[in-house]
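A look at the structure
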Amino acid sequence: MKKNTLMLGIETSCDETAVAIVRNGTEIITNVVASQIESHKRFGGVVPEIASRHHVEQITLVLEEAFKEAQVTWDEIDAISVTEGPGLVGALLVGVNAAKALAFAKQKPLVGVHHIAGHIYANRLEKEFEFPLLALIVSGGHTELVLMKEHGVYELIGETRDDAAGEAYDKVARMLGLPYPGGPHIDRLAAMGEETIDFPRAWLEDSYDFSFSGLKSAVINKIHNAKQRGETLKSEDIAASFQASVVEVLIEKTLRAAKEFNVKQVIVAGGVAANRGLRKELEVRFSETEIPLLIPNIKLCTDNAAMIAAAGTIAFEQGRRSGMDLNANASLLLK
Amino acid sequence: MNILAIDTSNQVLGVSILKDDQIIGEIMTNLTKNHSVRLMPAIERLMGEVSMDPDQLDRIVVAKGPGSYTGVRIGISTAKTMAWSLNIPVVGVSSLEVLAYQGRFFNEYICPFFDARRGLVFTGLYKWENNKLSKVMDENNLLMDNVLQKLKEEQKRVLFLSPDIAVHKEAIQQSLGDLAVIPEGPYHVPQAGHLGLAGLEKEAETAHELVPNYLRLAEAEANWLKEQKEKENHG
Ligand SMILES: [Zn+2]
């Protein structure tokens, strides 16, 4: 008999309160996301205490909406998975405690999920994995290259040594006076500008690690110096030049790793995967290779709970369980 | 009616199960240990010991603060999600009110408080009248000095109840002298049994409506509001 696993997923690691129900780790039944972006805009970034307050207000509303949309009863749910980390600890705690309450009240197995495993498994909601595969995760909090040789086993081969790519985007956006979140604005401006400024690329030879703080400083210096000399730089050109540097490093390293490990798939995940400049360039460069490239649609790139349920399904099927003492872990390692 | 009462709003972790107004089990610790790790195992153990399944619960009562923001959210997230999934009512009770229950047989003012740092306290003023706890002064986040000043003007005996009593004991005694009544240790520790009892008498909310009683804006929000005001004033 074909197994049929219905997984409830909960994600509250940053500023989205999200609940989803996923069948067999591959099919979305429902995927509800309540974004707080509007509340954080006026602060120019996510304020952890305010994020936590919103989560506790939203959690049962989002749960209810998910069940209503899915037309699923509790009897049909096989297990509950929740992001245990990394992320904002106060925000994570709301999801973790809600998930434990549900697991106890409804007597269901509980599975803690790593947020990045979730981002990777967002892709499996669109296409089945083929191993070995390489995942590039780029978001506000992450820039990582992860090698997977089988389901549920993650090998971190590269990570950022300072800022995440998304963080650099946000900081440069602030320098250019763009509203929060800055990433999409830079992306939009970049599409209209020319790469006129030669910003540095941090190659960190012999490593798949990344570094974006030097680039960020170079952009800031460039803007300052221009101001002092009374010159005006076109924001569009700064955006285009900055983005070109980020994209080139991300793609070169991903390509190099993909070839070295002879992978059958490259998947891109995380909020920055929604960046059009990055997507376009990735598609161009990978079309020159034999390696299939997967980028999920934008709704699955940004934080959501379907990805947590998808990753949780694999962990569940592999027999992994969390206890009632599951805790939020802001700096959880991917294993 | 089977009631589960949960308090993680301050240092105490308290879980109690009541059948109507009778306590049938309670777990309490007064330690600086992680509430998130320990709350559900405590609930699970207690429910097991009193042989009660989750779906036999009729009501969940939770201490909704004031207190540690994180602690309050752990209790509320657990209580409201559990109540929602079991489709039973949930009641939030002020953590100050729970403390005021320890002064059940004191006939004058009761001042429960939690230290809120930098001379501030979360506090309110209560009085037992006709077997009911009534509020004399609304709960607020105030300077302890100001609270004591006001109480001094009233020239009435006041019972102080607080797990943080040691921090303010000297100031209280200096200000109120013999008018201040300060009992021994256990009276300053909120008990989940009292929480359950308080929740029995209150009208239930829906899980969606239940939110923490922070008594204070998030710092970023307070700063933002201040900035807006300044901008307005400077035209
Ligand atoms: Zn994310």
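Fair warning: this is a prediction, and the values are worked out from it, not measured in the lab.

What counts as what
Residues numbered from 1 in each chain as written. Chains lettered and ligands numbered in written order. Predicted model: local features only at pLDDT ≥ 70, side-chain atom pairs only at ≥ 80, totals over all residues. Heavy atoms only, no water. Helix = DSSP H or I, 4+ residues; strand = E, 2+ residues; numbered from the N terminus. Expected span 1.5 Å × (residues − 1). Pairing = 2+ DSSP bridges. Donors = N, O, S within 2.8 Å, 3.2 Å for Na, K, Ca; no water. Buried < 20%, exposed > 50% of the residue type's maximum accessible area, 1.4 Å probe, protein only. Axes fitted to C-alpha atoms, helices over the stretch in contact; angles between N-to-C directions. Patch = residues over 30% accessible without salt bridge, like charges linked within 9 Å, V, L, I, M, F, W, Y side chains within 5 Å. Areas by Shrake-Rupley, 256 points an atom, 1.4 Å probe, with all protein chains shown as cover. Salt bridge = Lys/Arg side-chain N within 4 Å of Asp/Glu carboxyl O. Lys, Arg positive; Asp, Glu negative; His and termini not counted. Charge placed at Lys NZ, Arg CZ, Asp CG, Glu CD. Domains from an automatic or database assignment. Contact = heavy atoms within 4.5 Å. Buried area = accessible area lost by both parts, 1.4 Å probe. Polar contact = N/O pair within 3.5 Å; in protein donor to acceptor, adjacent residues only side chain to side chain.

This paragraph deals with helix α11 (residues 306-317) of chain A. Between its terminal C-alpha atoms α11(A) stretches 16 Å, which fits the 16 Å expected from twelve residues at 1.5 Å a residue. One or two positions beyond α11(A), positive phi appears at A:G319, with a value near 90 degrees.

Bringing the pairing of strand β3 (residues 27-35) of chain A into the picture now. Residue and element names in this part refer to chain A. Here strand β2 (residues 16-23) pairs with β3 via eight bridges, running antiparallel. Counterpart to A20 in the pairing with β3 is N31. Linking β2 to β3, which pair antiparallel, is a turn of three residues; within it N24 sits at a positive phi near 55 degrees.

Here the focus is the coordination of the zinc ion. Residue and element names in this part refer to chain A. The protein atoms that coordinate the zinc ion are H115 (NE2), H119 (NE2) and D303 (OD), at distances spanning 2.1 Å. Binding-site remark: the zinc ion is held by donors from one chain whose sequence spacing is H-x3-H-x183-D. Of this pair, H119 sits in helix α4 (residues 115-121) while D303 sits in the loop between α10 (298-301) and α11, and the two are 184 residues apart along the sequence. D303 matches H119 in its accessibility class, with the two residues each being buried.

Turning our eyes to something else, we now look at the sheet that holds strand β4 (residues 59-63) of chain B. All names here are of chain B. In space, the five strands of this open sheet follow the order β3-β2-β1-β4-β5, with mixed pairing throughout. Every other strand in the sheet has two partners, leaving β3 (22-30) and β5 (90-93) as the edge strands with one partner each. Neighbour to neighbour, the strand axes of the sheet diverge by 15 degrees on average, direction disregarded. Inspection of the sheet shows strand β1 (residues 2-7) paired to β4 by four bridges, in the parallel sense. Bridge pairing in β4 links I3 to R59.

On to the sheet that holds strand β7 (residues 143-150) of chain A, then. Residue and element names in this part refer to chain A. Taken in spatial order, the five strands make up an open sheet running β8-β7-β6-β9-β10, and their pairing is mixed. Two strands in the sheet have a free side with no partner beyond their single neighbour: β8 (153-159) and β10 (293-294). Relative to β7, strand β6 (residues 133-138) is paired through six bridges, and the arrangement is antiparallel. In the sheet register, L133 faces β7, and the bridge partner there is M148.

Residue and element names in this part refer to chain B. Together, D20, D21, D58 and E201 make up a negatively charged patch on the protein surface. Along the chain, D20 falls in the loop between β2 (12-19) and β3. For D20, a relative accessible area of 38% gives the class partly exposed.

Right, let's get into the domain arrangement of chain A. Residues and elements named next belong to chain A. Split into domains, chain A comes out as domain 1 (6-123 + 301-317) and domain 2 (131-295). Each of domain 1 and domain 2 has a C-alpha centre, and these two points are 27 Å apart. With 18 residues of domain 1 at the interface, the matching set in domain 2 holds 22 residues. Summed over both sides, the interface between domain 1 and domain 2 buries roughly 1500 Å², with carbon and sulfur atoms accounting for 72% of that surface.

With 33 residues of chain B in contact, the opposing surface of chain A contributes 31 residues. Our count for the chain B to chain A interface comes out at two salt bridges. The salt bridge involving A:E49 is made with B:R73; its shortest N-O contact spans 2.9 Å. Linking chain B with chain A are eleven residue pairs in polar contact (both at pLDDT 80 or more).

What follows concerns the domain arrangement of chain B. Residues and elements named next belong to chain B. Looking at the assigned domains, one finds that chain B contains domain 1 (2-94 + 190-218) and domain 2 (96-188). Centre-to-centre, using C-alpha coordinates, domain 1 lies 24 Å away from domain 2. Carbon and sulfur atoms supply 57% of the area that domain 1 and domain 2 bury against each other, a total of about 1500 Å² over both sides. In this structure, the connection of domain 1 to domain 2 is made through one salt bridge. Notably, a salt bridge pairs K202 with E97, separated by 2.8 Å at the nearest N-O pair. Our count for the contact surface shared by domain 1 and domain 2 stands at eight residue pairs in polar contact (both at pLDDT 80 or more). For the side of domain 1 that touches domain 2, the element with the highest residue contribution is helix α6 (residues 192-200), accounting for four residues.

Looking now at the side chain of B:S77. Counting through the fold element by element, B:S77 comes out in helix α2 (residues 69-86). Accessibility expressed as a relative area gives 0% for B:S77, which makes it buried. There is a polar contact of 2.6 Å between the side chain of B:S77 and the backbone oxygen of B:R73. B:S77 has contacts with A:V56, A:V94, A:N97 and A:A98, leaving out every residue within four places of it along the chain.

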